[in-house]
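Residues per chain are reported as follows:
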Amino acid sequence: LYFGTMIDAGLFDPLVNAILKAVKGDPLRVAIGTFLLAVVVSLDGDGATTYLTCCSAMLAVHKRVGMHRAMLPTLVALVTGIMNILPWGGPTGRVMASLSLTSEEVFLPLIPGMVVASIWVLVFAYIWGLRERKRLGWVKTEGEYSVDYCAVTTDGICNDEAESLKRPKLFWFNLALTVVLLYCLMAEVLPLMLLFMISAGVALVVNYPKMSDQQERVQVHAVSALPVISLI
């Protein structure tokens, strides 16, 4: 719910647009940009959102440059496989529930492995990008790409109302809230579920003061959250 709300509010839009503008038709940059975008979007722990967003943002770029068709789904799948073990994702949640363990006991020891695995996927993307650059050359593209979250929302439904959810004036607040949340998570200030309950509550109230808007955000993201909760 927290990261879904942050995506709705546009917290990651500047970073995503910067990645898309930086690729400039270079296959190597496209590969690295795809990796970075997948890492950012998969923070919400929902694989469906990651695929929808990454494909909608990067598919046109990959096609324009002429990249190997397997690169986009492969890189996204590799990143999702790593990031899906975040404690608010399904696999780690099931482990904690079945073994009666806390997120600190299960997730924190996994962080070094996640870092190493992410570095390896980055190296893989770099090597594949070099091969594609050698095969294709540097394909100069005209214009600039930018991700249109108005086209694909976190619930996977295309609609024209997504732009109204953006809160660009609250970017720095949302960024600070996220940094504080991650710091408290690593420092084990409170149990993970309490940290995210508090942060999600603050994020919803500040970004969407109207109760009806808050209820709508919760309802939208419940589509992804409730099946995991039921399974656990």
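First, a word on what this report is: a plain description of the structure on this page. No experiment lies behind these values; they were computed from the predicted model shown. (Residues numbered from 1 in each chain as written. Predicted model: local features only at pLDDT ≥ 70, side-chain atom pairs only at ≥ 80, totals over all residues. Heavy atoms only, no water.)

### Some words on the nonpolar core
Step number 1: Core analysis: the biggest nonpolar cluster contains 45 residues, and Tyr-2, Phe-12, Val-30 and Leu-37 have the highest contact counts within it.
Step number 2: Discounting residues that sit within four places of it in the chain, Val-30 has contacts with Val-23, Met-58, Val-61, His-62, Val-65 and Met-67. (Core = buried A, V, L, I, M, F, W, Y, C linked by side-chain atoms within 4.5 Å. Buried < 20%, exposed > 50% of the residue type's maximum accessible area, 1.4 Å probe, protein only. Contact = heavy atoms within 4.5 Å.)

### Side note on the packing of helix H9 (residues 171-187) against helix H10 (residues 192-207)
Describing two packed helices takes the angle between their axes plus the distance from one axis to the other.
Step number 1: Contact geometry for H9 and H10: axes closest at 10 Å, N-to-C directions at 175 degrees. Relative to H10, H9 is oriented roughly antiparallel. Here H9 contributes Phe-173, Asn-174, Leu-177, Leu-181, Cys-184 and Leu-185 to the contact with H10, which in turn contributes Leu-192, Leu-195, Phe-196, Ser-199, Val-202, Ala-203, Val-206 and Asn-207.
Step number 2: Its residues assigned to classes, the contact of H9 with H10 comprises eleven nonpolar, three polar and no charged. (Axes fitted to C-alpha atoms, helices over the stretch in contact; angles between N-to-C directions. Helix = DSSP H or I, 4+ residues; strand = E, 2+ residues; numbered from the N terminus. Parallel < 35°, antiparallel > 145°, perpendicular 65-115°, else oblique. Nonpolar A, V, L, I, M, F, W, Y, C, P; charged D, E, K, R; others polar.)

### What about H10?
Step number 1: End to end, H10 covers 22 Å across 16 residues, agreeing with the expected 22 Å (1.5 Å per residue, within 8%).
Step number 2: Taken residue by residue, H10 has Leu-192, Leu-195, Phe-196, Ser-199, Ala-200, Ala-203, Leu-204 and Asn-207 as its buried positions. Summarising the axial view, the buried residues of H10 lie within an arc of 145 degrees, below the 170-degree limit, and thus occupy one face.
Step number 3: Among the structural elements, helix H1 (2-9), helix H7 (103-106), H9 and helix H11 (211-231) are those in contact with the buried residues of H10. (Expected span 1.5 Å × (residues − 1). Arc of directions from axis to C-beta.)

### Considering the packing of aromatic side chains
Step number 1: On inspection of all chains with the given rule, the structure shows five aromatic pairs.
Step number 2: When the ring of Tyr-2 is compared with that of Phe-3, the centres are 5.4 Å apart and the planes differ by 85 degrees; the resulting orientation is edge-to-face.
Step number 3: Given a relative accessible area of 3%, Phe-3 falls into the buried group.
Step number 4: Both rings, one in Phe-124 and one in Trp-128, keep their centres 5.5 Å apart while their planes meet at 65 degrees; by these two values the pair is edge-to-face. In this pair, Phe-124 and Trp-128 both sit in helix H8 (residues 111-136), four residues apart, roughly one turn of the helix.
Step number 5: On the accessibility criterion, Trp-128 (15% relative accessible area) is buried.
Step number 6: Taken together, the ring pairs connect Tyr-2, Phe-3 and Phe-196 into an aromatic cluster. (Phe/Tyr/Trp six-rings, centres within 6.5 Å; stacked < 30°, edge-to-face > 60°.)

By themselves, these figures tell us nothing about what the structure is for.
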